[in-house]
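The residues making up each chain are set out below.
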Amino acid sequence: MKKNALRVLALALVASMLFAFASCTQEIHVRFVDKDGNDIDISGLGFSSVQTGTDTQPNNPALQQPSQEATTAASQQPSQEATTAAPQQGETTTAAPQQGDATTAAPQQGNKMPATTKEITDFYKKGVDDIKAGKAGYIKKEWQNVDAVNIGGSLVNSAVTGVLGSFMTTEDEAGEQDCAKGSDEAKNRIAAWTLTDLSKVKSATCVADGSNYKITIIMHDEDTPKKQGSVLGQVTGALLYWEDIETTLTTDPTVTKILTGFSGIHVIYKGYKIEATMTPDGKFISIDHTADVDIIIGEAKIIGISIKDKSGHMWNYCKFYNFKY
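Residues numbered from 1 in each chain as written. Predicted model: local features only at pLDDT ≥ 70, side-chain atom pairs only at ≥ 80, totals over all residues. Heavy atoms only, no water.

(A) Quick peek at helix H5 (residues 242-251). Those residues of H5 not exposed but buried are Trp242, Ile245, Thr248 and Leu249. Along the axis of H5, the buried positions cluster into a sector of 135°, meaning they face one direction only. (Buried < 20%, exposed > 50% of the residue type's maximum accessible area, 1.4 Å probe, protein only. Helix = DSSP H or I, 4+ residues; strand = E, 2+ residues; numbered from the N terminus. Arc of directions from axis to C-beta.)

Here's what the structure looks like:
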């Protein structure tokens, strides 16, 4: 019985640790809690005698995809809450289209709607550059949703799902980050667009949305981004880089007591999507970033147990709204 409990605990730890990377690229803390939210002491479970392995082989391109595809249906995104706070003196708040506005209505006369990929991305980039220059503030909200776990049997998957709650931020738990116009928060919390190779953009469209523009940019898939050369790193800041994964797997004292080797770990971003509603003069009304992420464990050795070809799937949502210029 104790051996089975250790196996479930170890599998849950590694799985939840890997999924945790996708929700935060900052410092990761691994812990276990009971159903009441109290910390569980794992110091007496005998992990201290396990030696850390050295057979790390990151980002194995030969990894076979798992047989069962993770679901790709996104959970229904919530409607954007209207802000009740009045803009500060000297600020203007870009108004969202009213309910019932025709999405095919022509934009304001005198402004040419961007049509080509270059025109659309240039238009979006100019809006972001204005914010980074201190011309606007906004509210930011970010959360995650794990909708598939394929680590083991139902017992293991249930354990993993429970531990994931310690790392994921649900929509209800996510707080609104108020980034005032001209502040460092407003300048830094929105990602710059530095991409120049537009062949990396899968599609870019712009349609009339009332008197505004609705822009949708979809990127090509990217397998396990690295800090040098990542395409997605040129359009968003909400990425899980391989270097951060490797550092935690090989140096975190809790992880290295349990994890004695790993290879073929992939974090696959599928069709990263940016949706923005903008006024014809280039001001943002809202921006939504949606990351569709497969996480795959090719192989891991945990306290003498080997697991292979395990996977899971998550969504990461990042919203910007209530822009004030």
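(B) Summary view of the packing of aromatic side chains. Tallied over the entire structure, the rule returns eight aromatic pairs. Residues Tyr124 and Phe284 carry aromatic rings whose centres are separated by 5.6 Å and whose planes lie at 75° to one another, so their mutual orientation is edge-to-face. One end of the pair, Tyr124, is in helix H2 (residues 117-132); the other, Phe284, is in strand S8 (residues 284-302), with 160 residues separating them in the sequence. The exposure classification of Tyr124 matches that of Phe284, with both residues buried. Put simply, the rings of Tyr124, Tyr138, Trp193, Phe284, Phe320 and Phe323 pair up and form one aromatic cluster. (Phe/Tyr/Trp six-rings, centres within 6.5 Å; stacked < 30°, edge-to-face > 60°.)

(C) Geometry of the nonpolar core. With 55 residues, the main nonpolar core has Tyr124, Trp193, Ile217, Met219, Tyr269, Phe284 and Ile287 as its most contacted residues. A total of eight residues in this core trace back to one element, the largest contributor, which is S8. For Trp193, the residues in contact, after removing those within four places along its chain, are Thr121, Tyr124, Lys125, Val128, Val201, Ile217, Met219, Gln234, Val235 and Ile274. (Core = buried A, V, L, I, M, F, W, Y, C linked by side-chain atoms within 4.5 Å. Contact = heavy atoms within 4.5 Å.)

(D) Summary view of the environment of Asp221. Checked against the element boundaries, Asp221 lands in the loop between strand S4 (212-219) and strand S5 (222-223). Within polar-contact distance, the side chain of Asp221 engages the backbone nitrogen of Gly271 at 2.9 Å. (Polar contact = N/O pair within 3.5 Å; in protein donor to acceptor, adjacent residues only side chain to side chain.)

(E) Just the pattern of salt bridges, in detail. Enumeration according to the criterion identifies nine salt bridges in this entry. Note that Lys125 and Asp129 form a salt bridge whose closest N and O atoms lie 2.7 Å from each other. In this pair, Lys125 and Asp129 both sit in helix H2, four residues apart, roughly one turn of the helix. Given the relative accessible area of 30%, Lys125 is considered partly exposed. For Asp129, a relative accessible area of 27% puts it in the partly exposed group. Note that Asp294 is salt-bridged to Lys270, the shortest N-O span being 3.2 Å. Of this pair, Asp294 sits in strand S8 while Lys270 is found in the loop between strand S6 (259-269) and strand S7 (273-278), placing the two residues 24 residues apart along the sequence. The same class applies to Asp294 and to Lys270, which are both buried. Each member of the salt-bridge network shares a partner with another, and the members are Lys126, Asp130 and Lys135. (Salt bridge = Lys/Arg side-chain N within 4 Å of Asp/Glu carboxyl O.)

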